[in-house]
Amino acid sequence: MSDCVFCKIVAGEIPASIVHADADTIAFMDIGSVNPGHVLVASKKHVENIYALDDATGAAVGRALARVARAIGEAFSPEGLSQYQANGKLAGQTVFHYHVHLVPRRRDDGMKVDWPVRNPGRDVLEGDAAAIRKALQQEAGGR
Ligand code: 5GP
Ligand code: ZN
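Now for a look at the structure at hand. (Residues numbered from 1 in each chain as written. Chains lettered and ligands numbered in written order. Predicted model: local features only at pLDDT ≥ 70, side-chain atom pairs only at ≥ 80, totals over all residues. Heavy atoms only, no water.)

Attention now goes to the sheet that holds strand β5 (residues 99-105). Within a beta sheet, neighbouring strands are joined by backbone hydrogen bonds and run either parallel or antiparallel to one another. Read across the open sheet, the five strands follow the order β1-β2-β3-β5-β4; overall the sheet is antiparallel. On the outer flanks of this sheet lie β1 (18-21) and β4 (80-84), each paired with one strand and no other. Shown here is a sheet whose adjacent strand axes are inclined to one another by a mean of 20 degrees, direction ignored. Two elements, β1 and strand β2 (residues 25-29), share three bridges in a ladder whose sense is antiparallel. Bridge pairing links H20 to A27 in β2. Its contacts with the sheet put helix α2 (residues 55-76) on β1, β2, β3 (39-43), β4 and β5, and the angle it makes with β3 is roughly 160 degrees. In this fold helix α3 (residues 122-141) packs onto β1, β2 and β3, with an angle of close to 40 degrees to the strand it touches most, β1. (Pairing = 2+ DSSP bridges. Helix = DSSP H or I, 4+ residues; strand = E, 2+ residues; numbered from the N terminus. Axes fitted to C-alpha atoms, helices over the stretch in contact; angles between N-to-C directions. Contact = heavy atoms within 4.5 Å.)

Laid out in structure tokens, this is it:
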């Protein structure tokens, strides 16, 4: 899958602002960010969409989602956190690799968010990633 952008991020072939990685999952800042703190949680394994997802990988992504969501809550104190996932072109999927969007929400966002609305620079994404990594470390240290 040499042309898959998320496989390249997993392999370290293209840069990303990574907030979490374990044996099965990787989480990094979305370059086409809807709101500050917008993270993508993906399986390391190339799984195109939820129809192709095996139970073990689904469970691993679910665990990573919960951990990263708590860390985003800690780092950004959003009033809400939306999870989005597109499966298939007609559902709006643009990267064919299993992943879930975690999007911090504020009261003034309304029900709908424009998608995507901003492309922060690498420095901003790195700063946001560092804040989330710190919250993850604090949580791990507190266990
Ligand atoms: P989808 O539309 O498939 O649910 O979401 C794909 C997401 O991947 C988009 O929000 C897009 O901004 C993000 N994305 C695409 N290429 C890259 C990349 O090279 N790096 C990062 N960090 N995100 C990417
Ligand atoms: Zn892939």
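Time to look at unusual backbone geometry. For S77, which is not glycine, the phi dihedral falls at a positive 45 degrees. Tracing the sequence through the fold places S77 in the loop between α2 and β4.

Of all the seven residues making up β5, seven are buried; the element is thus mostly covered by neighbouring parts of the structure. Burial along β5 is two-sided: the face carrying H99, H101, V103 and R105 and the face carrying V100, L102 and P104 are both buried. Summarising the sheet, β3 and β5 pair through four bridges and their orientation is antiparallel. If you follow V41 over to β5, its bridge partner there is V100. (Buried < 20%, exposed > 50% of the residue type's maximum accessible area, 1.4 Å probe, protein only.)

The subject of this paragraph is the environment of R70. Relative to the helices and strands, R70 is located in helix α2. Overall, R70 belongs to the partly exposed group, its relative accessible area being 45%. Distance in space between the C-alpha atoms of R70 and A135 is 8.2 Å, their sequence separation being 65 residues.

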